[in-house]
There are 2 protein chains.
Amino acid sequence: MKDTRGRIVSAAAGLIAEKGFKRTSVDDVIERADLSGKSHFYHYFKSKEELGLEVLGRQFESFAERGLVILREPLIHPMERLHLFIDSLVALQTERGFRVGSPFGTLATEMADLHEGFRERLVQVFDRWAAQIEALLWEARPMLNPDADTRRLARFLIATLEGALMMSKVNRDAEMLRAIAADLKRFVSSHLREGVPA
Amino acid sequence: MKDTRGRIVSAAAGLIAEKGFKRTSVDDVIERADLSGKSHFYHYFKSKEELGLEVLGRQFESFAERGLVILREPLIHPMERLHLFIDSLVALQTERGFRVGSPFGTLATEMADLHEGFRERLVQVFDRWAAQIEALLWEARPMLNPDADTRRLARFLIATLEGALMMSKVNRDAEMLRAIAADLKRFVSSHLREGVPA
DNA sequence: GCGTTTTTGGACTGACTAGTCCTAATTAGG
DNA sequence: CCTAATTAGGACTAGTCAGTCCAAAAACGC
């Protein structure tokens, strides 16, 4: 159970989150993952690109497990779950000192036009994320206005969150991020049917 | 009026918008701007970094002139102006085939941790942008709910727009962008006082 | 023990990077 | 016409990068 491959992916994930894909060199990864040299790395990955795709995949898996899991928590009220999820993103970004933009935002902007494979993968990632939120909203459908478009709403939520995280990376301002998060919650609430407790 | 310096900035702006700052090499700029060589470039800029800052500044100036100018149009109703502004961003992104993320979003994510000077400049850029929107909202204040926080609202708008543009770059989906833009307008409208025409 | 997988270590290629230096031709402007 | 700004062209430094190749030690599985 040495899991060298996993160690490489973890090291790369950290570096990419900090510096971006392009600026993360294979040598950086080798150092961080404590490998003996280039050959050691290329024993596990045939290219840096392959590593990038793997990181992207793994990144989403862990996000799906640790982050999105809140969205599926069956015992908590759907809307409450959404609030918790938003809060967890804010907390994560605050913890990390606003150095990271979003789990995928950083990757998205630079990788999208770097390689078509990356872009397609990112589309999938955002789609799955949106699907999770949509499922939650669907669950809360009885409480929503009948004209509420859950698919649209889900994508709106993600866009705002991504934008807010990106801006907080530039501003390094916790207050702004919290304010946007709060407004976002209010926005979702505004789609609630009147008379139904949020 | 040869304005070589301006030609360099334009060339660099285009390249940076497409590929990002780091991946835009000085040689790329030299080729695009049709310069004779390195010395020609360094006759006008002492470093690539100086060029980056200039592009960032110029980028905002042109955005302020061509884009933000709608926000100040005195003859049009404030809310209508905001709608026109949002539409213009959507149109711009559609025109460009979703290759660019946002006027600053791309620059933001990669430049923010590249150099402290870049980050500070970006903070200014976003602040000025937010100030413009806030001024518009302030103008529309009599129509807004008394509890509406114009500053917060302005930053929320920008975050959502940035996020939407970023996602449209990944998705290359015009429909999604339009949907988010429409929802965003509705969001602003929800802050309007009842009984007052939007 | 034996074969396979993994690890180690380093040399090396070829391409690209920002930036410097030097010289000379060309083009304005006053 | 003369001077200064601009353009031209190229050589060069010193660094980074991804990726290849080779050979041998070490660890592991059976």
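Residues numbered from 1 in each chain as written. Chains lettered and ligands numbered in written order. Predicted model: local features only at pLDDT ≥ 70, side-chain atom pairs only at ≥ 80, totals over all residues. Heavy atoms only, no water.

Once that is clear, we can look at the protein's contact with DNA strand C. Neighbouring DNA strand C are 14 residues; A:T4, A:S39, A:Y44, B:K38 and B:K48 lie closest to it. Counting only atoms of DNA strand C within 4 Å of the protein, the fraction found in sugar and phosphate groups is 53%. Measuring from a phosphate oxygen of DNA strand C, one finds a side-chain N or O atom of A:H43 at 3.1 Å. Here a base nitrogen of DNA strand C and a side-chain polar atom of B:S39 are 3.3 Å apart. If you tally residues by element for the surface near DNA strand C, the top one is helix 3 (residues 38-44) of chain A, at four residues. Partitioned by chemical class, the residues of the surface near DNA strand C number three nonpolar, nine polar and two charged. (Near = heavy atom within 4 Å. Polar contact = N/O pair within 3.5 Å; in protein donor to acceptor, adjacent residues only side chain to side chain. Helix = DSSP H or I, 4+ residues; strand = E, 2+ residues; numbered from the N terminus. Nonpolar A, V, L, I, M, F, W, Y, C, P; charged D, E, K, R; others polar.)

A few words on the packing of helix 8 (residues 116-139) of chain A against helix 9 (residues 150-171) of chain B. At a minimum axis separation of 8 Å, helix 8 of chain A and helix 9 of chain B run at an interaxial angle of 125°. On the basis of their axis angle, the class for helix 8 of chain A and helix 9 of chain B is oblique. For the pair helix 8 of chain A and helix 9 of chain B, the contacting residues are A:R119, A:L122, A:V123 and A:F126 in the first and B:M166, B:M167, B:K169, B:V170 and B:N171 in the second. Tallied by class, the residues present in the contact of helix 8 of chain A with helix 9 of chain B amount to six nonpolar, one polar and two charged. (Axes fitted to C-alpha atoms, helices over the stretch in contact; angles between N-to-C directions. Parallel < 35°, antiparallel > 145°, perpendicular 65-115°, else oblique. Contact = heavy atoms within 4.5 Å.)

Before going further, it helps to examine the interface of chain B and chain A. Chain B puts 40 residues into the contact, and the matching count from chain A is 41 residues. When the area that chain B buries against chain A is broken down by residue, the three leading residues are B:R23, B:T109 and B:V170, summing to 17%. For the pair chain B and chain A, the number of links is four salt bridges. Among the salt bridges present, the one from B:D173 reaches A:R155, with a minimum N-O distance of 3.9 Å. Between the two partners, chain B and chain A, sit seven residue pairs in polar contact (both at pLDDT 80 or more). Every element with two or more residues in the side of chain B that touches chain A is listed here: helix 7 (105-111), helix 8 (116-139), helix 9 and helix 10 (174-189) of chain B. Sort the elements by how many residues they give to the side of chain B that touches chain A and helix 9 of chain B lands first, with 14 residues. A class-by-class count of the residues in the side of chain B that touches chain A yields 19 nonpolar, six polar and 15 charged. (Buried area = accessible area lost by both parts, 1.4 Å probe. Salt bridge = Lys/Arg side-chain N within 4 Å of Asp/Glu carboxyl O.)

Overlaying chain B on chain A yields an RMSD of 0.2 Å, the required transformation being a rotation through 179° with an accompanying axial translation of 0.1 Å. Read as a symmetry element, the transformation amounts to a two-fold axis. Take the interface residues of chain B: 100% of them recur as interface residues in chain A, which is what a same-surface contact looks like. (Least-squares fit on C-alpha atoms with pLDDT ≥ 70 in both.)

Another point: unusual backbone geometry. All names here are of chain A. Positive phi, close to 60°, is recorded for D34, a residue that is not glycine. Structurally, D34 can be placed in the loop between helix 2 (26-32) and helix 3. Owing to a relative accessible area of 63%, D34 belongs among the exposed residues under this scheme. (Buried < 20%, exposed > 50% of the residue type's maximum accessible area, 1.4 Å probe, protein only.)

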